[in-house]
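The chain contents come next:
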Amino acid sequence: MEVVIKDNYQEISQLAANYLFDTVKKKNDAVLGLPTGSTPLGMYQIIIDKYKDNCSFQNVRTFNLDEYVGLDKTNKCSYCYYMENILFSHIDIKEENIYIPNGVAENMEEECRYYENLIRSRGPMDILFLGIGPNGHIGFNEPNYYFEPYTHVVKLTDNTIAANSRFFDSIESVPKTAITMGMKTILSAKKIVMLATGHNKAEAIAKSIKGKVTPQVPGSVLQLHNNVTLIIDKDAAKYL
Ligand code: F6R
């Protein structure tokens, strides 16, 4: 695993954006895997500001990692809403090329199978960007006793609900379940770029990179992939 330690958030965001631009420059119909959360905000801003000088998203397809169960695209806390506002409405991507798990599907089991098959038939993802939770989760794959291989519904841990409550009016309004790509889905991407900043990610980063591969530390599964770049700041790198 390649580990790049940068001085500040701007440099992390710029390098991540460069990976994305390079991928799309080489392949104008690239398939991208995308996260939400705070960490990729800087990368998305650079993409908005600079994409016209670098590439077009006309033929690009995107797959988001996850979505809350029960929130539709009009809900400001849904990842669908986030992606539209933070990125998609500012670039020249076609609506029909955007894929995000449907958190309000009538039959969630069916939605999981549908989403997984979409990734399989339209993919593989050329590059997948990830953040990591303080508990080591990637996508919404929470610490567990086994690896969930494919897209599935997951019960969020109290730790994740507390961490994500900053985006909601109250902790009670954070959904208790989510739909997420599974571990094999994540590992099926040709290239993975994980971003992390801050002291509160340091333990998860150290365990993911140096610890044993275990479903108790979902990020550790990245050790099984042969093309991962981790871009982090000094705070997140403090136990390496
Ligand atoms: C979000 C996702 C999550 C986040 C993680 C870190 O789509 O997949 O795994 O990447 O919770 O979130 P932030 O960046 O807000 O610290």
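From a predicted model like this one, the values you see are computed outputs, not experimental measurements.

Some remarks on the overall build of the protein
At step 1: Helix and strand counts for the protein stand at 7 helices and 10 strands.
At step 2: Here the protein has a C-alpha radius of gyration of 17 Å; the compact-globule value for 240 residues is 18 Å, and the two agree.
At step 3: Projected onto the principal axes, the alpha-carbon positions of the protein cover approximately 45 × 40 × 35 Å.
At step 4: Considering the protein as a whole, with its 240 residues, one finds that 52% of them fall into the buried category.
At step 5: Considering only contacts in the protein between residues 6 or more positions apart, those separated by 24 or more positions represent 80%.
At step 6: Element-wise, carbon and sulfur atoms account for 48% of the exposed surface of the protein, whose accessible area totals about 11000 Å².

A short note on a nonpolar patch on the surface
At step 1: On the surface, Met1, Val3, Ile5 and Leu240 cluster together to form a nonpolar patch covering roughly 310 Å² of accessible area.
At step 2: Within the secondary structure layout, Ile5 lies in strand S1 (residues 2-6).
At step 3: Taking the relative accessible area as the measure of exposure, Ile5 reaches 44% and is therefore partly exposed.

Structural notes on unusual backbone geometry
At step 1: Across the junction of Gly123 and Pro124, the peptide omega takes the value 5°, indicating a cis bond.
At step 2: Its location among the elements puts Pro124 in the loop between helix H4 (108-122) and strand S6 (127-130).

Things to note about the sheet that holds strand S8 (residues 177-180)
At step 1: Reading across the sheet, the 3 strands line up as S4-S8-S7 and stay open at both edges, with antiparallel pairing between neighbours. The outermost strands of the open sheet, each flanked by one partner alone, are strand S4 (66-68) and strand S7 (152-155). Within the sheet, the average angular offset between the axes of one strand and its neighbour, ignoring direction, is 25°.
At step 2: Sheet analysis places S4 next to S8, joined by 3 bridges and oriented antiparallel. Each bridged residue has a counterpart across the sheet, and for Asp66 the counterpart in S8 is Thr180.

Quick word on the site of the ligand
At step 1: Not every one of the 15 residues close to the ligand is listed here, only the nearest: Thr39, Asp66, His137, Gly139 and Lys201.
At step 2: Across the complex, the protein chains shield 94% of the 410 Å² of accessible surface that the ligand would expose by itself.
At step 3: Grouping the amino acids of the shell around the ligand by side-chain chemistry returns 4 nonpolar, 8 polar and 3 charged.

Some points on the pairing of strand S10 (residues 228-233)
Look at any regular strand and the pattern is simple: side chains alternate between the two faces of the sheet.
At step 1: Burial of S10 is extensive: 6 of the 6 residues sit out of reach of the surface.
At step 2: Side-chain alternation along S10 places Val228, Leu230 and Ile232 on one buried face and Thr229, Ile231 and Asp233 on a second face that is also buried.
At step 3: Both strand S9 (residues 192-196) and S10 contribute to a ladder of 5 bridges, which runs parallel. The partner of Ile192 across the bridge, within S10, is Val228.

Focus: the nonpolar core
At step 1: By size, the foremost hydrophobic cluster in this structure holds 31 residues, and its most contacted members are Ile47 and Phe57.
At step 2: If you list the elements that add at least two residues to this core, you get helix H1 (9-26), strand S2 (31-34), helix H2 (41-54), helix H3 (79-86), S6 and S9.
At step 3: Setting aside its immediate chain neighbours within four residues, Ile47 contacts Ala17, Leu20, Phe21, Phe57, Leu87 and Ile91.
At step 4: One finds Tyr115, Leu128, Met181 and Met194 within the second-largest nonpolar core, a separate group that totals 28 residues.

The rules behind the values
- Residues numbered from 1 in each chain as written.
- Predicted model: local features only at pLDDT ≥ 70, side-chain atom pairs only at ≥ 80, totals over all residues.
- Heavy atoms only, no water.
- Helix = DSSP H or I, 4+ residues; strand = E, 2+ residues; numbered from the N terminus.
- Rg over C-alpha atoms; globule rule 2.2 N^0.38 Å.
- Buried < 20%, exposed > 50% of the residue type's maximum accessible area, 1.4 Å probe, protein only.
- Contact = heavy atoms within 4.5 Å.
- Areas by Shrake-Rupley, 256 points an atom, 1.4 Å probe, with all protein chains shown as cover.
- Patch = residues over 30% accessible without salt bridge, like charges linked within 9 Å, V, L, I, M, F, W, Y side chains within 5 Å.
- Salt bridge = Lys/Arg side-chain N within 4 Å of Asp/Glu carboxyl O.
- Pairing = 2+ DSSP bridges.
- Axes fitted to C-alpha atoms, helices over the stretch in contact; angles between N-to-C directions.
- Near = heavy atom within 4 Å.
- Nonpolar A, V, L, I, M, F, W, Y, C, P; charged D, E, K, R; others polar.
- Core = buried A, V, L, I, M, F, W, Y, C linked by side-chain atoms within 4.5 Å.

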